[in-house]
Amino acid sequence: METIELTNRQEHIVEIVKQNGPITGEQIAERLSLTRATLRPDLAILTMAGYLDARPRVGYFYTGKTGTELLGEKVKNITVRHYQSRPIVVQESSSVYDAICTMFLEDVGTLFVTDKQTTLVGVLSRKDLLRASLGKQALESIPVSIIMTRMPNITVCKEDDLIIEVAKKLINKQIDGLPIVQDVDYGSGYEVIGRITKTNITSLLVDLANEETI
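Note on numbering: residues in each chain are counted from 1, in written sequence order. This being a predicted model, a pLDDT of at least 70 is required before a residue's local features are given, and a value of 80 or more before pairs of side-chain atoms are given or counted; all residues contribute to the totals for chains, interfaces and linings. Water and hydrogen atoms play no part in the side-chain values, which are based on all heavy atoms of the structure.

1. With respect to the nonpolar core
Next, step 1: Counting 17 residues, the largest nonpolar core has V96, A99, L111, V113, L124, L129 and I147 as its most contacted members.
Next, step 2: Secondary structure elements are taken from DSSP: a helix is a run of H or I of four residues or more, a strand is a run of E of two residues or more, and numbering for both begins at the N terminus. Looking at which element gives the most residues to this core, the answer is helix α5 (residues 96-106), with three residues.
Next, step 3: Once residues within four sequence positions are removed from consideration, V96 is found in contact with L129, A132, L139, I142, P143, V144 and I147.
Next, step 4: In these notes, a set of buried Ala, Val, Leu, Ile, Met, Phe, Trp, Tyr and Cys residues joined through side-chain atoms within 4.5 Å is what counts as a nonpolar core. For every residue, the accessible area obtained with a 1.4 Å probe (protein chains only) is divided by the maximum for its type, and the residue is called buried under 20%, exposed over 50%, and partly exposed between those limits. Counting 16 residues, the second largest nonpolar core, distinct from the first, contains V17, A29, L43 and Y51. Note on contacts: a residue pair qualifies if any of its non-hydrogen atoms lie within 4.5 Å across the two residues.

As structure tokens, then:
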């Protein structure tokens, strides 16, 4: 269901269907003094975009939804897996200095910390690393485990979560990104399999504007 800017003819078709639906393609073409073949692309666009619906042997009918409603429905159906990124992970034994270098080289705002079994144990933000760098201690000697946010105080999400719900979490928690996790096959805890960030959400908005969403 894509939200698009309709042509004059497409708007006219929507009005005809709204007032006379259900109505066949041939009847619409007759009202516009056009051939059914000429209208076929317009009808296909309006149907795929969600403005119209079609039923075999019945015809086209108006869905009764505005462009804003159609856009809202589309966003509500998009899950995290469609816009996730590769997670950037460091070991809990890594130094603050190494974490700062990793964040700079990978150009990310959040690092995920794992133990030797690759289980998620913490999260590092820019603020965490900046706060640690303001002290007088040698950053090479401070492990990230001292300054990271630990489980269970970490907000996570899963691939099948709706991206709109994740966006709400980012806003409410005032954070840059969330780890995408799955349950580990051993013991308890989570394995990090991806990340979702404000940048990913921005990419979704751009795709929606360009009508390029899945």
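What follows picks up the thread again.
2. Structural notes on the sheet that holds strand β5 (residues 120-125)
Next, step 1: Pairs of strands are assigned from DSSP output, requiring at least two bridges between the strands. The strand order across the open sheet formed by four strands is β3-β4-β5-β6, and the pairing between neighbours is mixed. Among the strands making up the open sheet, the edge pair consists of β3 (89-91) and β6 (149-150).
Next, step 2: The pairing of β3 with strand β4 (residues 110-114) spans three bridges and is parallel. From the neighbouring strand, V90 faces β4, where its bridge partner is V113.

3. Quick word on helix α7 (residues 163-173)
Next, step 1: Buried residues of α7: I163, V166, A167 and L170, and no others. The buried side chains of α7 occupy one side of the element, clustering within an arc of 105° when seen end-on. Relative to its buried face, α7 has exposed residues pointing more than 90 degrees away, namely N172 and K173.
Next, step 2: The first or second residue beyond α7 is Q174, which carries a positive phi of 55°. This arc is built from the directions going out from the helix axis to the C-beta atoms.

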